[in-house]
Amino acid sequence: MKSLHLLFRLFFFAFLVTFSAHAQKLSGKATYISKTKMELGNWGARMSEAQKKQVANRLKNRLEKTYELTFNTTESSFKEEEKIDAISGATDSWGAYFTRGDHYKNISSNKLVQSQEFYGKRFLIKDTLYKIDWSISTESKKIGNYTCYKAKAFVPYNELNWYNFSWSDLRSTENKQGNDEENLIIVEAWYTPQIPMAQGPAEFWGLPGLILEVSAQNTTLLCTEVALTKESKLQIDTPDNGTEITKTAYTSTIREKMVEMRNNRMGRRRGR
């Protein structure tokens, strides 16, 4: 088995060397859809199927999203397409507080830039990219017209969710009382060496081909369309508006604000 994996890796190395000059001239855009499974926990156990369906329809904009990845060999920009709430006719502003903002990465300089907004204040997160330690297998499947190969990795929960907050996460953090043990998430990706770029959607990168599908926790990102061009200088937008801050500092800032909001709300209730 070890010899098979070694031959597989050597094959890809030779493949990438052959196509490296070709890849340098390529850039493109890819459309991804994300689908998140709804988890209702104990609350859901008390709901009827009709009620669950109603909740799923109401949360559809948060459970199903569309993104566009613009990329070349070194840079990529990952942006969500804004949707109108089907019921209220407004954009989902509350959900935007706890979702990924415009995301830029430069895999050559190991640079991350991401814009986030929280209650009217804009933040510009600048940090280093987390390097994912992928384990590549020989398992393959077709995604559209591309042959893809499977890879797996274990990634710390905080690296995938540093911008995402909930009241349950806040309580969990407070109950840990200094226990910093890492919670590792299994990530499964499918990449195609037919597009020999180490790019991918969101935080995912570092494989010998563009990542066309990736699953982590209860969310899957699937590429539905790829448009390649020979314009190596395709414009890649970098977020540039907001207070500069690191991922760790941003997480601390938002958690402190949420604690303040919770305490103010509890104080008002006691005052009644």
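A. Focus on the overall build of the protein chain. Assigned secondary structure in the protein chain consists of 8 helices and 12 strands. Considering only contacts in the protein chain between residues 6 or more positions apart, those separated by 24 or more positions represent 68%. About 16100 Å² of surface is accessible on the protein chain, with carbon and sulfur atoms providing 49% of the total.

B. Broad picture of the pairing of strand β7 (residues 135–143). Looking at chain direction, β7 and strand β8 (residues 146–156) are connected through 6 bridges and run antiparallel. Within β8, the residue paired with K141 across the bridge is C148. Connecting β7 to the next strand, β8, in antiparallel fashion are 2 residues, including G144 with a positive phi near 65°.

C. Local environment of a nonpolar patch on the surface. On the surface, F154, L184 and I186 cluster together to form a nonpolar patch covering roughly 320 Å² of accessible area. As for its placement among the helices and strands, L184 is situated in strand β9 (residues 184–192). On the basis of relative accessible area, L184 is assigned to the partly exposed category, the value being 43%.

D. The arrangement of unusual backbone geometry in detail. The phi dihedral of N110 falls on the positive side, at around 60°, and the residue is not glycine. By secondary structure assignment, the location of N110 is in the loop between β4 (103–106) and β5 (111–118). The backbone of Q217 sits at a positive phi, close to 55°, despite the residue not being glycine. Mapped onto the secondary structure, Q217 falls in the loop between β10 (210–216) and β11 (219–229).

E. The arrangement of the side chain of S215 in detail. When you line up the elements, S215 lands in strand β10. Here the side chain of S215 touches T220 through a polar contact of 2.9 Å, side chain to side chain.

F. Representation of the confidence of the model for the protein chain within the structure. In the predicted model, the protein chain carries a mean pLDDT of 80, and the fraction of residues at 70 or more is 67%. Summarising per-element confidence for the protein chain, the mean pLDDT is lowest in helix α5 (residues 93–96) (46) and highest in β8 (98). Low confidence marks residues 15–20, where pLDDT is under 50. Its contacts with residues over four positions away, or in another chain, come to 5 contacts. Segment residues 86–96 is flagged for pLDDT under 50; beyond a separation of four residues in sequence, or across chains, it makes 15 contacts in the model.

G. The arrangement of the environment of T243 in detail. Among the secondary structure elements, T243 is positioned in strand β12 (residues 243–245). For the pair T243 and L124, spaced 119 residues apart in sequence, the C-alpha separation works out to 5.4 Å. Apart from the residues lying within four places of it in its own chain, the contact partners of T243 are K121, R122, F123 and L124.

H. View of the nonpolar core. Counting 35 residues, the largest nonpolar core has Y32, W134, V187, F204, L207, I211 and L212 as the members making the most contacts within it. Of all the secondary structure elements, the ones that give two or more residues to this core are β1 (27–36), β2 (64–71), β7, β8, β9, β10 and β11. In terms of residue count, the dominant contributor to this core is β8 (6 residues). Excluding residues within four positions of it along the chain, I211 makes contact with Y32, W134, A189, W190, Y191, Q199, G200, P201, F204 and W205. In terms of nonpolar packing, the next biggest core, distinct from the first, is built from 14 residues, L112, F123, F165 and I245 among them.

I. Local environment of the packing of aromatic side chains. Going through the model one piece at a time under the given rule, you end up with 7 aromatic pairs. Aromatic side chains F123 and Y250 sit 5.2 Å apart centroid to centroid with 75° between the ring planes, which places their arrangement in the edge-to-face category. Pair noted here: F123 is in strand β6 (residues 121–128) and Y250 is in helix α8 (residues 247–270), with a separation of 127 residues, a long-range link. The class of F123 is buried, set by a relative accessible area of 5%. Ring plane angle 85° and centroid distance 5.9 Å describe the contact between W162 and Y250, whose orientation is recorded as edge-to-face. Separated by 88 residues along the polypeptide, W162 in the loop between α6 (157–161) and α7 (167–176) and Y250 in helix α8 bring together distant segments of the chain. This pair shows no difference in class: W162 is buried, exactly as Y250 is. In this structure an aromatic cluster arises from ring pairing among F123, W162, Y163 and Y250.

J. A look at the sheet that holds β4. Here we have 12 strands laid out as an open sheet, ordered β7-β8-β9-β10-β11-β1-β2-β3-β4-β5-β6-β12, and mixed in their pairing. The open sheet has two free edges, formed respectively by β7 and β12, since each of these has just one partner strand. Ignoring which end each strand starts from, the neighbouring axes of this sheet average 20° apart. Direction of pairing for β6 relative to β12: parallel, over a ladder of 3 bridges. Looking at the pairing, I125 lines up with I245 of β12.

About the thresholds
Residues numbered from 1 in each chain as written. Predicted model: local features only at pLDDT ≥ 70, side-chain atom pairs only at ≥ 80, totals over all residues. Heavy atoms only, no water. Helix = DSSP H or I, 4+ residues; strand = E, 2+ residues; numbered from the N terminus. Contact = heavy atoms within 4.5 Å. Areas by Shrake-Rupley, 256 points an atom, 1.4 Å probe, with all protein chains shown as cover. Pairing = 2+ DSSP bridges. Patch = residues over 30% accessible without salt bridge, like charges linked within 9 Å, V, L, I, M, F, W, Y side chains within 5 Å. Salt bridge = Lys/Arg side-chain N within 4 Å of Asp/Glu carboxyl O. Buried < 20%, exposed > 50% of the residue type's maximum accessible area, 1.4 Å probe, protein only. Polar contact = N/O pair within 3.5 Å; in protein donor to acceptor, adjacent residues only side chain to side chain. pLDDT = per-residue confidence, 0-100. Core = buried A, V, L, I, M, F, W, Y, C linked by side-chain atoms within 4.5 Å. Phe/Tyr/Trp six-rings, centres within 6.5 Å; stacked < 30°, edge-to-face > 60°. Axes fitted to C-alpha atoms, helices over the stretch in contact; angles between N-to-C directions.

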